[in-house]
Protein chains: 2
Amino acid sequence: MSVSRVINDNPSVKAETRARVIKAIAKIGYAPNDAARMLKGRSGRTIGLVVPDLSDYFASCFHAIQKVAIQHNYQTLVVATGRIAAVEDRQLESLRNHRIAGLLIVPSGSNGRRLKMLQDCGIPIVALDRPAAGIQADTVLVENREGAELGVRHLIEHGHKKIVCVGFDSGSYTVRERIEGYKQAMRGAGLQPILCDNVNTLEAMQSLVLRWSTGKNRPTAVFSVKRISSVLLIQALHFHKIRVPEQIAVVGFDDFELAEVLGTPLTVVRQSPTDVAHTAAELLFKKISSVKEGRLPEQKAAKVLFPVELIVRRSCGCPK
Amino acid sequence: MSVSRVINDNPSVKAETRARVIKAIAKIGYAPNDAARMLKGRSGRTIGLVVPDLSDYFASCFHAIQKVAIQHNYQTLVVATGRIAAVEDRQLESLRNHRIAGLLIVPSGSNGRRLKMLQDCGIPIVALDRPAAGIQADTVLVENREGAELGVRHLIEHGHKKIVCVGFDSGSYTVRERIEGYKQAMRGAGLQPILCDNVNTLEAMQSLVLRWSTGKNRPTAVFSVKRISSVLLIQALHFHKIRVPEQIAVVGFDDFELAEVLGTPLTVVRQSPTDVAHTAAELLFKKISSVKEGRLPEQKAAKVLFPVELIVRRSCGCPK
DNA sequence: ATGAAAGCGCTAACAA
DNA sequence: TTGTTAGCGCTTTCAT
C-alpha cells in the first residue's frame, strides 16, 4: 500500500484516497514503525542528551533542549553518567547503536574516543557547559573565568583581604576555570589565593568551617565555585552558627531558586542554563538538517560564549 | 556473516572464530544496528519515561529509574509534558512509533486513550506518583492523604485552630489527595478547613500573605501541599517580614535539599521519590521479561503504596 | 561450526 | 495518481 505517501505528506495522492487512508489508520490504530523507517536510511527522530546528572542546572538544560526538539518533532534520549567516565563510554556506545540523529553532550571526562566514533558515523555533536576532549565540535560555554573574577572582585571591593575559594570536584572543567578566575582576581589585587579544594562532603565542609572559626587568621570572605559547594557551605556555616555576612562574607557561582530566601540571601554569579542549552540545541538541529540535505559539514566548529552577571544580595555584605 | 552469533553469545561458534570476529569488530568499529534488530522483532532496549517536568522530585525519579534501566542494559527516553495533556498525547503517540519496550508514566491528565493504545500494542505500563486514568496498570503511589493528615495533626497538636491549607495546581491528583488529608485532619479535630486553592504565583502568594497580616482573624498556621507552594510561601512570608513559627507556623508536604537551611528550617512530610521510582522500574522490568518470554500478563494490576514520614524541624513551632 | 536464504516494515525509484 | 520492486541490516531456520 502507498499509505506511506499519506504519512509522508506526499502531494501526489488524491484527496479522496488520502481521506480513506487516514480513516483506516485511525480505525486500526496504525502507527508507522520507526525502526523500519530508520533502517531504510531516514535518520531517526531522536537526539541524545548526555549529562552528568539531572540536578537543577541540567534539568533546566533538558527542558530547554526538549522544547527545541519537540518543535523539530524529535524526541530526546537522556543519559546521566553520574560523572563516571566508564558509564559515559558505555552509554555512548549504546547511543551509537541507537543511530540517533544528533548528540548534545556535557562531557564528563571520558577520553573522547567514543565521541570520535560517533562523529565518524556522521552524527553531529554539540558540547555544552564544557568543551569535549578529543573531537572538534561546536561548543557552547559560559564565561566561567570572567564570572568568578567578577564575584571575587566584588568581595575585594568590600575590602576583604583573606578570601578563601572553596572548591568541589575540581576534576571538572567548569570548576577549574572558576578557580582560575578566582586566582586571577586575587593576584590582580595583590592578594594571596587560599584554595580549599575538593571539599566534597558536608562533613569536610563542616570541619573546614570549624577550622576557620577556631583558628586565628580566619578568612573574612569565601567564594564558592558552584551550587553544591554553596549549599554545603551555607549548611556548615549555619551549623557552626557563623553569621553571614558579619563574620564571613559569601559569594557563590550559580544562582538557585532558594538563594533569595536563605537566612542570608546569597549573592551569586548567575548564568543562564536555558540560554546555553537552547543555543546548543539550535546549533545541533542546524547541523542535523545540513547532514540530511547532504551538505558538507562546515569546517570550523562554532564556539559560543555566554556572559554571566553578578546578582547582589546580602551575603556579600551589601546593605541590600 | 555469522558475526551475529558472536554478538548474541551463541555458544556454537569456535573460540578461534569468535576471537577473529571480535578483533575485526574492534578494528572497523562496527556496531550492530538497533533499528534492524528490533525490526526483526527483538524488542528494543529502550524504555520510555513520561513526567510532568524534571524538577527535583522527578529528577530523583529519573536517576533511580535510569539506574535500574542500565542494570538491565536499557536506555531511557524521557519526555516532559509540562503538564499539558495535549503534549502528553502527542508524545505518547511518538513513543508508540518508537516501539519502546515499556513505559513508566507520571500521568498528567490526558484522557488515557493513547495509553490504552500503547498497552494494546503489548507495551507494559507502570504508573507512578499518580494513578493512570483509562487503563489498568501497575501503580506505585505514596500515602498522600495520610501524609497530609500527619502534618496537619502535628500543627493541631501544637494547639493551632486556624490552619490554612495553601494549594497549588489543584488539578493534580497528588494535590487533591493531600487536600483531602488536610480536610480529614481538620474535621477530625472539629476544626473548620480553610482552603486557599490554586495559589500558583509568587504574586498570588504575596497578596494572600498580605491579607493574612493585615486582616483580623489571621491564621496561626499553614499547611502547604507541595514543594513549590512551600517555596512560594516562604518567599512571601519572608517578603512581608512575618516570623516563622512565632507569627505563623508552617508544615509542608515534600522535603527538599535546602529545607534545613532556610531562615527557619522547614518541618515537612517527607516521601521517598527514589523508592517509588525504583519500585516502579523493577515492576516494569518484571513485566517486560514476562512479555518477552511470552508469558501471559498477570490479570491483577499491582498497587504499591509507600509510607511517608514527618520530619520535625523548627517551622512548626517545635523547640528543636 | 559455518553459510545461505528469507523476511521484518518501510521508502525510493521506477512502471503502469 | 497508483502499484510494483528492491533492499536497508539483522536474526531465524535450514542446509551444509
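Residues numbered from 1 in each chain as written. Chains lettered and ligands numbered in written order. Predicted model: local features only at pLDDT ≥ 70, side-chain atom pairs only at ≥ 80, totals over all residues. Heavy atoms only, no water.

**Observations regarding helix 8 (residues 173-188) of chain A**
All names here are of chain A.
Phase 1: The end-to-end C-alpha distance of helix 8, which contains 16 residues, comes to 22 Å, matching closely the 22 Å that a straight helix rising 1.5 Å per residue would cover.
Phase 2: Residues of helix 8 that are buried include every one of T174, V175, E177, R178, I179, G181, Y182, A185 and M186, and no others.
Phase 3: If you follow the buried residues of helix 8, they end up packed against helix 7 (144-157), strand 6 (163-166), strand 7 (194-196), strand 8 (221-224) and strand 9 (249-253).
Phase 4: Once helix 8 ends, the next one or two residues include G190, with phi positive near 70°. (Helix = DSSP H or I, 4+ residues; strand = E, 2+ residues; numbered from the N terminus. Expected span 1.5 Å × (residues − 1). Buried < 20%, exposed > 50% of the residue type's maximum accessible area, 1.4 Å probe, protein only. Contact = heavy atoms within 4.5 Å.)

**Some remarks on the pattern of salt bridges**
Phase 1: Tallied over the full model, the rule gives 33 salt bridges over all chains.
Phase 2: Of the charged contacts in the structure, one is a salt bridge between D53 of chain A and R83 of chain A, with a shortest N-O distance of 2.6 Å. Placement of the pair is D53 of chain A in the loop between strand 1 (46-51) and helix 4 (57-71) and R83 of chain A in the loop between strand 2 (75-80) and helix 5 (85-98), with a sequence separation of 30 residues.
Phase 3: Owing to a relative accessible area of 31%, R83 of chain A belongs among the partly exposed residues under this scheme.
Phase 4: Residue E149 of chain B is joined to R153 of chain B by a salt bridge in which the shortest nitrogen-to-oxygen separation is 3.1 Å. One end of the pair is E149 of chain B and the other is R153 of chain B, both in helix 7 (residues 144-157) and four residues apart, which spans about a single turn.
Phase 5: What emerges from the salt-bridge pattern is a single network uniting D255, E260, R270, E309 and R313 of chain A. (Salt bridge = Lys/Arg side-chain N within 4 Å of Asp/Glu carboxyl O.)

**Let's talk about the protein's contact with DNA strand D**
Phase 1: Around DNA strand D sit 17 residues, and of these R5 and T17 of chain A together with S4, Y30 and R37 of chain B come closest.
Phase 2: In the model, a phosphate oxygen of DNA strand D is placed 2.9 Å from a nitrogen or oxygen of the K14 of chain A main chain.
Phase 3: In the environment of DNA strand D, a phosphate oxygen lies 3.2 Å from a nitrogen or oxygen atom belonging to the side chain of N8 of chain B.
Phase 4: Split into classes, the residues belonging to the surface near DNA strand D amount to five nonpolar, six polar and six charged. (Near = heavy atom within 4 Å. Polar contact = N/O pair within 3.5 Å; in protein donor to acceptor, adjacent residues only side chain to side chain. Nonpolar A, V, L, I, M, F, W, Y, C, P; charged D, E, K, R; others polar.)

**Points about the relation of the copies chain B and chain A**
Phase 1: Between chain B and chain A, which share one sequence, the superposing operator has a rotation angle of 180° and an axial displacement of 0.0 Å; the RMSD is 0.1 Å. Read as a symmetry element, the transformation amounts to a two-fold axis. In terms of proximity to the rotation axis, the leading residue of chain B is G263 of chain B, whose C-alpha is 1.9 Å off the axis.
Phase 2: Most of the interface of chain B is mirrored in chain A, where 100% of its interface residues are also at the interface. (Least-squares fit on C-alpha atoms with pLDDT ≥ 70 in both.)

**Let's talk about the packing of helix 4 (residues 57-71) of chain B against helix 11 (residues 273-292) of chain B**
Residues and elements named next belong to chain B.
Phase 1: Axis separation between helix 4 and helix 11 bottoms out at 8 Å; the angle between their running directions is 40°. Relative to helix 11, the crossing made by helix 4 is right-handed. Across from Y57, S60, C61, A64, I65, V68 and A69 in helix 4, the residues of helix 11 making contact are P273, T274, V276, A277, H278, A281, E282 and F285.
Phase 2: Looking at side-chain class alone, the contact of helix 4 with helix 11 contains 11 nonpolar, three polar and one charged residues. (Axes fitted to C-alpha atoms, helices over the stretch in contact; angles between N-to-C directions. Left-handed = near helix turned anticlockwise from the far one by under 90°.)

**Details of the protein's contact with DNA strand C**
Phase 1: Residues in close proximity to DNA strand C total 17 residues, the closest being S4 and Y30 of chain A together with R5, K14 and T17 of chain B.
Phase 2: When atoms of DNA strand C within 4 Å of the protein are sorted by moiety, sugar and phosphate together comprise 60%.
Phase 3: S4 of chain A is positioned such that a nitrogen or oxygen atom in its side chain is 2.6 Å from a phosphate oxygen of DNA strand C.
Phase 4: A distance of 2.2 Å separates a phosphate oxygen of DNA strand C from a polar side-chain atom of T17 of chain B.
Phase 5: In the surface near DNA strand C, the residues fall into five nonpolar, six polar and six charged.

**Description of the nonpolar core**
For soluble globular proteins, nonpolar side chains are generally found buried alongside one another.
Phase 1: Counting residues in each nonpolar core, the largest one holds 108 residues, and the members touching the most others are L104, L128 and F223 of chain A together with L104, L128 and F223 of chain B.
Phase 2: Ignoring sequence-local partners within four residues, the contact set of F223 of chain B consists of A148, V152, L155, I163, V164, C165, V166, R178, Y182, V251, G252 and F253 of chain B.
Phase 3: One finds M205, I248 and A259 of chain A together with L208 of chain B within the second-largest nonpolar core, a separate group that totals 56 residues. (Core = buried A, V, L, I, M, F, W, Y, C linked by side-chain atoms within 4.5 Å.)

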